[in-house]
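# A look at the structure
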Amino acid sequence: MLEPVHRPLAGIRVVDFSTLIPGPIATLLLAEAGATVIKIERKGDGDDLRGFAPRLGGDSWQFAMLNRGKQSLFLDLKAPADRDTALALIDGADIVVEQFRPGVMARLGLGYEAVAERNPRIIYCSITGYGQSGVRAQKAGHDINYLAEAGVLSLVADAAGRPMLPPVAMADLGGGTYPALLNILLALIERGASGRGRHLDIAMADNVFPLLSWALAATAAGAPPQPSQSLITGASPRYAIYPTRDGRHIAAAPLEDKFWRTFCALVGIAEDADTEAVGAAMRARDAAEWLAVFARHDVCCSLVRSVEEAMVDPDFAARGVFDHIVESPAGEVPALPTPLVAAFRDPEASRPMPVRTSTP
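The notes below deal with the structure included here. It should be emphasised that the depicted structure is a prediction, and the values quoted were computed from it without experimental measurement. (Residues numbered from 1 in each chain as written. Predicted model: local features only at pLDDT ≥ 70, side-chain atom pairs only at ≥ 80, totals over all residues. Heavy atoms only, no water.)

Looking now at the overall build of the protein. Helices and strands together make up the secondary structure of the protein, namely 14 helices and 14 strands. Burial statistics for the protein: of 360 residues in total, 41% are counted as buried. Contacts spanning at least 24 positions in sequence make up 68% of the contacts within the protein whose residues lie at least 6 apart. Working note: accessible area of the protein is about 18,500 Å², and carbon and sulfur atoms make up 57% of it. Each charge sign in the protein was given a centre, from 34 positive and 42 negative side chains, and these centres are 3 Å apart. (Helix = DSSP H or I, 4+ residues; strand = E, 2+ residues; numbered from the N terminus. Buried < 20%, exposed > 50% of the residue type's maximum accessible area, 1.4 Å probe, protein only. Contact = heavy atoms within 4.5 Å. Areas by Shrake-Rupley, 256 points an atom, 1.4 Å probe, with all protein chains shown as cover. Lys, Arg positive; Asp, Glu negative; His and termini not counted. Charge placed at Lys NZ, Arg CZ, Asp CG, Glu CD.)

Attention now moves to the sheet that holds strand 13 (residues 331–334). As summarised here, the arrangement of the 3 strands in space is 13-12-14, forming an open sheet in which the pairing is mixed. Sheet topology places strand 13 and strand 14 (350–352) at the edges, where each strand pairs with a single neighbour. The average angle at which neighbouring strand axes cross in this sheet is 35°, direction not considered. In this sheet, strand 13 lies alongside strand 12 (residues 325–328) in antiparallel orientation, the contact comprising 4 bridges. (Pairing = 2+ DSSP bridges. Axes fitted to C-alpha atoms, helices over the stretch in contact; angles between N-to-C directions.)

Take the packing of aromatic side chains next. Under the counting rule described, the total for this entry stands at 5 aromatic pairs. Taken together, a centroid distance of 5.6 Å and an interplanar angle of 15° make the contact between Trp290 and Phe294 stacked. Here Trp290 and its partner Phe294 are both found in helix 12 (residues 287–294), 4 residues apart, which amounts to about one turn of the helix. Across the pair, exposure class does not vary: Trp290 and Phe294 are buried alike. What links up through ring pairs into an aromatic cluster is the set Trp260, Phe263, Trp290 and Phe294. One residue, Arg285, lies across the ring of Trp290, its end atom 4.9 Å from the ring centre. (Phe/Tyr/Trp six-rings, centres within 6.5 Å; stacked < 30°, edge-to-face > 60°. Lys NZ or Arg CZ within 6 Å of the ring centre and 35° of its normal.)

If you want it as C-alpha cells, here you go:
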C-alpha cells in the first residue's frame, strides 16, 4: 500500500534570487516538499544556467531539471520599479534565498536588514563561497576552489601526483545546497516558537569539512592522510577499483574481515594478498562473470556503470528514482531525483519548468 503524501511545506512562499546549482537545488527541494517558489531572474538572458549545454529548445536540460515546479519573474533589480516588485514579493514571503557576493543585495536595497524591517518573520538564506565575513568573503570561486582550500583535492592524485578533478559538484551540494536546506528548516522551527526569522550565512568552503571527518580525525591524531597512503585513497586492497578482462571495472569494498574472507575465497587469492595480486586475479575474468560470482554473497562489490546504465537500472526503476518528469516547451525531461522520502515529495509525476513568460 502506498503511504499518503503530506507536503509539509505547503503554504510556505520562497523568493529565490539564486542561480546555477547550490541555491536552485535547495529551492527545488523546498518546492518538491510543497513550497511555492518564485524564481527571480535577470531581465534578458535570465539564469546563466539556461544557456548551458545540452540545450532543450531555448533553454538547457539542466535548468529544466533544477527548476521543476517553480515560477519565474524577470526583473532588473537596479530599476526602482522592479526592485519594488521584488520587495512586495518578499513582504509576503517566508524565505529568501540569494547567492550574490556579500553586500550586493544590501546595495540593491534588498539586504537582510532592509527586508527584515518590513517582514520580521523572513528567513533570509545567503549562500556564498566563503561566507559573509572573513578575508576571502569577496573572493570569486567555484566548486573545485572550495574543495582545494578545504584540502579535499589533496587526497586523490593520478600517477603523476596531480590532484584529480571531481566529476560531481561536491562543494556546491554538500557545502551549499544541503546546509542551506538544513538551516532553513531549523529556522522555520525556531520561527514557530519565536515569531521571528533570521539571516543564515551559508559558506560552501566551510561546509566541506564535515565531508572530511575521517581525514580531520587522522590529521588531528598526527597522521595526516596522503594520496594512495590511506584506507580510502588507495592504500588498501580492500577498498579499490579493479579493471576486468573486458575493460570494465569493479568497485570492491570488502573492508570488514567477514567480507574480505569471502571475497578472497571467491576470487582465489590469499587473505594477505596486496592490491597488485588482487588486480591480477580480477583481470582474469570479464565483469559480467565476476558479478555472477559475487551475486549470492556479501562482498560489497559493484560494477562501475556509466550514467546512462544507471538511469535505466531496474533496481532504481523499481524504487521510482526516475518516475518524475519535467514539462518543457520542447518536450519532457527526467526530473532530478531528490533525497525527499516519498511521503514528503510532490505526488504529481509531471510539473513544468519555469518559462520566460511566467509570472507569480
